[in-house]
Amino acid sequence: MTDDRVTETVELIKELVQIPSPTGNTYEVIQFVQSYLDELGIQNKRNRKGGLLATIPGEDTSQHRMLTAHVDTLGAIVKEIKPSGRLRMDLIGGFRYNAIEGEYCQIETSSGETFTGTILMHQTSVHVYKEAGTAERNQKNMEIRLDERVHSADDVRKLGIEVGDFISFDPRVEETESGYIKSRHLDDKASVALLLQLMKRVKEEGLTLPYTTHFLISNNEEIGYGGNASISPETVEYLAVDMGAMGDGQSTDEYSASICVKDASGPYHYLLRKHLVRLAETHGIDYKLDIYPYYGSDASAAIRSGHDIVHGLVGPGIDSSHAYERTHRDSLDHTGTLLYHYVQSKLVI
Ligand SMILES: [Zn+2]
């Protein structure tokens, strides 16, 4: 991609991560995506689950291709209002309490009002609690300190806060001079930005895609069933665009596109994987093949729910996934370029 396109992608990521969208409360972010697509004149519609399906008709309308990225993120929900006026949480998605310790958060009441707070260990103060460092970070010990004068559960209820209110974490998005993007929720808003930019590029360049291509912005991935519906019967290939997982023994990095060979759901379609590698090599795209040990995607969820499709998974490399994440412009660049060539390529079967 040109440097300008990468910059545009980064700007879009910044906008997306700042719209709270824990799984179960994605209305506002979907609205944002819908406006973006409407402006481009790309046909789109919401499904009943609240996700968004955009479609660009192609030369061949009898065989379809689908790409997906999820816009829902990790989050929490108010489980209990403690007598002290602090809030107990229930987590949404797969992560540990230590990943959000000390983080700022926002609570949205059912009437749409928002309040801020901080996620803390109950025994945080080292001047008071001997076990501040060793006490377990769990549901019992972690709580939200509201930035309001509340001393009882009643005080909290008077604000309109109730059990079931959604809690979102401050993304703390930042771009460094050296090209890194640090933020929560790069999983998977970095990929949503890449798909939106891809659609924009297709429009701007007046490309006719070889097949009708759907772009599903799913909204239930973090709980396992985001993109397993709204798949047209004509769909042959289904590519999930989601983060590549980094860590010990992983080949994924922040500077290339990560092509997933296998995750906890099993291997991805061999022909599609080889096709993606061939495209990367032909177009000088840096890529890494990798296996993600504890991972499932919208593509594997679609297979599980019974769809007979060729499924694949590709995405930017994200460090410290499901915590305070980071990627680099280079990874966005290579992943975006791979997607650009992919949507113009022939189906593998
Ligand atoms: Zn994800």
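Reference entry: report on the structure contained in this document. Because the structure is predicted, anything quoted here is derived from the model rather than measured.

What about the coordination of the zinc ion?
Working step 1: For the zinc ion, the full set of protein donor atoms is His-70 (NE2), Asp-187 (OD), Asp-242 (OD) and Asp-242 (OD), and the range of their distances to it is 2.0 to 2.6 Å.
Working step 2: Along the chain, the residues donating to the zinc ion are arranged with the sequence spacing H-x116-D-x54-D. Separated by 172 residues along the polypeptide, His-70 in strand S3 (residues 60-70) and Asp-242 in the loop between strand S13 (235-241) and strand S14 (244-245) bring together distant segments of the chain. You'll find His-70 and Asp-242 in the same group, each marked buried.

As for the side chain of Lys-14
Working step 1: Relative to the helices and strands, Lys-14 is located in helix H1 (residues 3-17).
Working step 2: A distance of 3.1 Å separates polar atoms of two side chains, one belonging to Lys-14 and the other to Glu-175.

Overview of the packing of H1 against helix H7 (residues 329-342)
Working step 1: For the pair H1 and H7, interaxial distance at closest approach is 10 Å and the crossing angle is 110°. When the axes of H1 and H7 are compared, the pair comes out roughly perpendicular. Facing Asp-3, Val-6, Thr-7, Val-10 and Ile-13 of H1, the residues of H7 in contact are Arg-329, Leu-332 and Asp-333.
Working step 2: Residues belonging to the contact of H1 with H7 are distributed by class as follows: four nonpolar, one polar and three charged.

Some remarks on the packing of aromatic side chains
Working step 1: Applying the stated criterion to the full structure yields three aromatic pairs.
Working step 2: Taken together, a centroid distance of 5.8 Å and an interplanar angle of 75° make the contact between Phe-95 and Phe-169 edge-to-face. Of this pair, Phe-95 sits in the loop between strand S5 (87-92) and strand S6 (104-108) while Phe-169 sits in strand S9 (residues 166-169), and the two are 74 residues apart along the sequence. Pair check on accessibility: Phe-95 and Phe-169 agree, each one buried.
Working step 3: Here Arg-65 stacks its cationic end above the ring of Tyr-342, 4.3 Å away from the centre of that ring.

Considering the environment of Ala-132
Working step 1: Looking at the secondary structure, you find Ala-132 in the loop between strand S7 (114-121) and strand S8 (142-146).
Working step 2: Ala-132 sits in the buried class, given a relative accessible area of 9%.
Working step 3: C-alpha separation for the pair Ala-132 and Leu-313, spaced 181 residues apart in sequence, amounts to 41 Å.
Working step 4: Setting aside its immediate chain neighbours within four residues, Ala-132 contacts Gln-123, Thr-124, Ser-125, Val-126 and Arg-137.

Notes on the pattern of salt bridges
Working step 1: Under the defined criterion, the tally for this structure stands at 20 salt bridges.
Working step 2: One salt bridge connects Arg-172 with Glu-103, and the closest N-O pair in it is separated by 2.8 Å. Of this pair, Arg-172 sits in the loop between S9 and strand S10 (174-175) while Glu-103 sits in the loop between S5 and S6; the two residues are 69 residues apart in sequence, bridging distant segments of the chain.
Working step 3: Between Arg-184 and Glu-103 there is a salt bridge; the shortest N-O distance is 2.8 Å. With Arg-184 in the loop between strand S11 (180-183) and helix H4 (186-204) and Glu-103 in the loop between S5 and S6, this pair connects stretches of sequence that are 81 residues apart. Both residues of the pair, Arg-184 and Glu-103, count as buried.

What about helix H2 (residues 27-40)?
Working step 1: Here H2 contains 14 residues, and its C-alpha end-to-end distance of 20 Å stays within 8% of the 20 Å for a straight helix at 1.5 Å per residue.
Working step 2: When H2 is considered as a whole, its buried residues turn out to be Val-29, Ile-30, Phe-32, Val-33, Gln-34, Tyr-36 and Leu-37.
Working step 3: On the buried face of H2, the contacting elements are H1, strand S1 (43-46), strand S2 (52-56), H4 and strand S12 (211-218).
Working step 4: Gly-41, located one to two residues past H2, shows a positive phi value of around 75°.

Description of unusual backbone geometry
Working step 1: At the junction of Asp-187 and Asp-188, the peptide bond is cis and its omega measures out at 5° in the coordinates.
Working step 2: Backbone geometry places Ser-230, a non-glycine residue, at a positive phi of 60°.
Working step 3: Assessed through its relative accessible area of 28%, Ser-230 is described here as partly exposed.
Working step 4: Residues other than glycine seldom take positive phi values, yet His-322 does so here, at roughly 65°.
Working step 5: Locating His-322 in the fold gives a position in the loop between strand S18 (310-318) and strand S19 (325-328).

Considerations on the environment of Ile-349
Working step 1: With respect to the helices and strands, the residue Ile-349 is situated in the segment after H7.
Working step 2: Its relative accessible area of 60% is what places Ile-349 among the exposed residues.
Working step 3: Separated by 19 residues in sequence, Ile-349 and Asp-330 have C-alpha atoms that sit 31 Å apart.
Working step 4: With near-sequence residues (within four places) excluded, Ile-349 lies in contact with Val-236, Leu-271 and Val-310.

Topic: the pairing of S2
Working step 1: For S2, a buried count of five out of five residues is recorded, marking the element as mostly surrounded by other parts of the structure.
Working step 2: Here S2 shows two buried faces, one formed by Leu-52, Ala-54 and Ile-56 and the other by Leu-53 and Thr-55.
Working step 3: For S1 and S2, the ladder comprises four bridges, and the chain directions are antiparallel. Bridge pairing links Lys-45 to Leu-53 in S2.
Working step 4: Joining the antiparallel neighbours S1 and S2 is a turn of five residues, in which Gly-50 adopts a positive phi near 100°.
Working step 5: Pairing between S2 and S12: five bridges, direction antiparallel. Paired with Ala-54 across the bridge in S12 is Phe-215.

Definitions and cut-offs
- Residues numbered from 1 in each chain as written.
- Predicted model: local features only at pLDDT ≥ 70, side-chain atom pairs only at ≥ 80, totals over all residues.
- Heavy atoms only, no water.
- Donors = N, O, S within 2.8 Å, 3.2 Å for Na, K, Ca; no water.
- Helix = DSSP H or I, 4+ residues; strand = E, 2+ residues; numbered from the N terminus.
- Buried < 20%, exposed > 50% of the residue type's maximum accessible area, 1.4 Å probe, protein only.
- Polar contact = N/O pair within 3.5 Å; in protein donor to acceptor, adjacent residues only side chain to side chain.
- Axes fitted to C-alpha atoms, helices over the stretch in contact; angles between N-to-C directions.
- Parallel < 35°, antiparallel > 145°, perpendicular 65-115°, else oblique.
- Contact = heavy atoms within 4.5 Å.
- Nonpolar A, V, L, I, M, F, W, Y, C, P; charged D, E, K, R; others polar.
- Phe/Tyr/Trp six-rings, centres within 6.5 Å; stacked < 30°, edge-to-face > 60°.
- Lys NZ or Arg CZ within 6 Å of the ring centre and 35° of its normal.
- Salt bridge = Lys/Arg side-chain N within 4 Å of Asp/Glu carboxyl O.
- Expected span 1.5 Å × (residues − 1).
- Pairing = 2+ DSSP bridges.

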